[in-house]
Amino acid sequence: MLFALLVLVIVLPVIFPLYFVLISSLKNMAQVYIMPPKLFGFKPIFDHYIYIFKTQHYGQYMFNSLWVAVASTSLSLLFGVPAAYAIARYKMRRTNTAILIARLLPSISFLLPYYFVFSHLKMIDTFTVIILSHIVLSMPLVVWIMTGFINDIPIELEEAAIVDGCTRQRSFLSVLLPVCTPGLVTCATLSFLASWNNFQFALILSGDKTRTLPVSLQYFVSGADIRWGRMLAATIVVIVPTIILTMILQKYIIKGMTAGAVKG
């Protein structure tokens, strides 16, 4: 009983804001402004969801976010995993430290040079620029996590494959990558979430053609008022996919974040 109460105390501050956003998105405008707010016993409506999809192009914004997240995640894995392999197998500690420092730098330090360069190249409001900017954020994370995974895999597995006639490249693809599946899933999940939720880069580098979901939330705020019902409905559209994905893959995420932390 005491343990259940403790869990409730810990979880409630996280769950309640999500519940409040959800129920507020299902209320009419008059009910949204009622104080104190009514948490139960109201008739849910879906007018705000219908509005944002019919008049605010949220279907297009979802496609933009999905395309950018999938592309940046795929490219981060394509380049980041071989880099992690080289760092792990050839003990490139200085390179690993440099990548970790790059991961810790504030993202604004990358954003300003990006905007300066690509605005001169007339490439602002293109998917190429947004995808590249998200790769800069996610690739250091991929390298960092996968380096820990690969360090934990005995090199004897690859040596045995090479003795059997495999090249180093073949042993990497056929032996190492299948063993690293939990790490790959972890990196893909975290990279996807980072791209899907990114606001800062998309705000500066996107435009009408490439606008993503997080950026679209600001357009419900005007000088006269805040359209709370519509903005909260849009917020649910943004966060529900990330919650579902995290719940499905949480065990891989935990394993990935702790890989290499304990040596037995």
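This text follows the structure it describes.
The structure presented is a predicted model; accordingly, all values stated were derived computationally and were not measured.

Participant: So what's going on with the environment of Ser 133? Residues and values would help.
Facilitator: Here Ser 133 shows up in helix 7 (residues 127-151). The sequence separation of Ser 133 and Ile 248 amounts to 115 residues, and the corresponding C-alpha distance is 27 Å. Apart from the residues within four sequence positions on either side, Ser 133 is in contact with Tyr 114, Phe 201 and Leu 205. In this structure the side chain of Ser 133 is engaged in a polar contact, spanning 2.7 Å, whose partner is the backbone oxygen of Ile 130.

Participant: So what about the packing of aromatic side chains? Which residues, and what values?
Facilitator: All told, the structure shown has 7 aromatic pairs when counted by the stated rule. Consider the rings of Phe 53 and Tyr 58, whose centres lie 6.4 Å apart with planes at 70 degrees: the pair is edge-to-face. Among the residues examined, Tyr 58 registers a relative accessible area of 1% and is labelled buried. Connected via pairs of aromatic rings, a cluster forms that spans Phe 53, Tyr 58 and Tyr 61. Arg 230 extends its terminal NZ or CZ atom over the ring of Tyr 51, reaching a point 3.7 Å from the ring centre.

Participant: An account of helix 6 (residues 108-120) is requested, with residue identities and associated values reported.
Facilitator: Side chains of residues three or four places apart in an α-helix project in the same direction, reflecting 3.6 residues per turn. For helix 6, with 13 residues, the first-to-last C-alpha span of 19 Å sits near the 18 Å given by 1.5 Å per residue. Residues of helix 6 that are buried in the fold lie against helix 7 and helix 11 (200-205). Looking at the residues trailing helix 6, positive phi occurs at Lys 122, about 60 degrees.

Participant: Explain the packing of helix 4 (residues 58-89) against helix 7 to me, and be specific about the residues and the numbers.
Facilitator: For the pair helix 4 and helix 7, the least separation of the axes is 6 Å and the interaxial angle reads 40 degrees. Viewed along their axes, helix 4 and helix 7 adopt a mutual orientation that is oblique. Here helix 4 and helix 7 pass one another in a crossing that is right-handed.

Participant: How would you sum up the packing of helix 5 (residues 93-104) against helix 7? Please name residues and give values.
Facilitator: In the contact formed by helix 5 and helix 7, the axes pass within 9 Å of each other and the chain directions differ by 135 degrees. By the angle between their directions, the pair helix 5 and helix 7 is classed as oblique. Classified by chirality, the crossing of helix 7 by helix 5 is left-handed. Two secondary-structure elements touch here, helix 5 through Asn 96, Ile 99, Leu 100 and Arg 103 and helix 7 through Leu 137, Pro 140, Leu 141, Val 143, Trp 144 and Thr 147. Looking at the contact of helix 5 with helix 7 residue by residue, the class counts come to 7 nonpolar, 2 polar and 1 charged.

Participant: Could you give an account of a nonpolar patch on the surface, with specific residues and numbers?
Facilitator: Residues Phe 3, Leu 6, Val 7, Ile 10, Val 11, Val 14, Ile 15, Leu 18, Ile 243 and Met 247 make up a contiguous nonpolar surface patch of roughly 920 Å² in combined accessible area. At the level of elements, helix 1 (2-25) and helix 13 (228-258) are the ones that each hand at least two residues to the nonpolar patch. Element by element, the count of residues in the nonpolar patch is highest for helix 1, at 8 residues. With respect to the helices, strands and loops of the structure, Val 11 is situated in helix 1. On the accessibility criterion, Val 11 (36% relative accessible area) is partly exposed.

Participant: Mind laying out the nonpolar core, listing which residues take part and the relevant values?
Facilitator: Counting 23 residues, the largest nonpolar core has Ile 52, Tyr 58 and Leu 213 as the members making the most contacts within it. Per-element accounting of this core gives the leading share, 8 residues, to helix 13. Filtering out sequence-adjacent residues up to four positions away, Leu 213 remains in contact with Tyr 58, Tyr 61, Met 62, Ser 65, Trp 196, Val 237 and Val 238. If you look at the next biggest cluster of nonpolar residues, it comprises 20 residues, including Met 146, Phe 149, Leu 190 and Ile 253.

Participant: So what's going on with the pattern of salt bridges? Residues and values would help.
Facilitator: Within this structure, the stated rule accounts for 2 salt bridges. Asp 208 is the partner of Arg 211 in a salt bridge, and the nearest nitrogen-oxygen pair spans 2.7 Å.

Participant: Break down helix 1 for me, with residues and values.
Facilitator: Between its terminal C-alpha atoms helix 1 stretches 34 Å, which fits the 34 Å expected from 24 residues at 1.5 Å a residue. At Leu 12, helix 1 is deflected by roughly 45 degrees, the largest bend along its length, and proline Pro 13 occurs up to four residues later in sequence. Residues Val 21, Ile 23, Ser 24 and Ser 25 constitute the buried set of helix 1.

Each value, and the rule that gives it
Residues numbered from 1 in each chain as written. Predicted model: local features only at pLDDT ≥ 70, side-chain atom pairs only at ≥ 80, totals over all residues. Heavy atoms only, no water. Helix = DSSP H or I, 4+ residues; strand = E, 2+ residues; numbered from the N terminus. Contact = heavy atoms within 4.5 Å. Polar contact = N/O pair within 3.5 Å; in protein donor to acceptor, adjacent residues only side chain to side chain. Phe/Tyr/Trp six-rings, centres within 6.5 Å; stacked < 30°, edge-to-face > 60°. Buried < 20%, exposed > 50% of the residue type's maximum accessible area, 1.4 Å probe, protein only. Lys NZ or Arg CZ within 6 Å of the ring centre and 35° of its normal. Expected span 1.5 Å × (residues − 1). Axes fitted to C-alpha atoms, helices over the stretch in contact; angles between N-to-C directions. Parallel < 35°, antiparallel > 145°, perpendicular 65-115°, else oblique. Left-handed = near helix turned anticlockwise from the far one by under 90°. Nonpolar A, V, L, I, M, F, W, Y, C, P; charged D, E, K, R; others polar. Patch = residues over 30% accessible without salt bridge, like charges linked within 9 Å, V, L, I, M, F, W, Y side chains within 5 Å. Areas by Shrake-Rupley, 256 points an atom, 1.4 Å probe, with all protein chains shown as cover. Salt bridge = Lys/Arg side-chain N within 4 Å of Asp/Glu carboxyl O. Core = buried A, V, L, I, M, F, W, Y, C linked by side-chain atoms within 4.5 Å. Bend = angle between axes of the 7 residues up to and from the residue.

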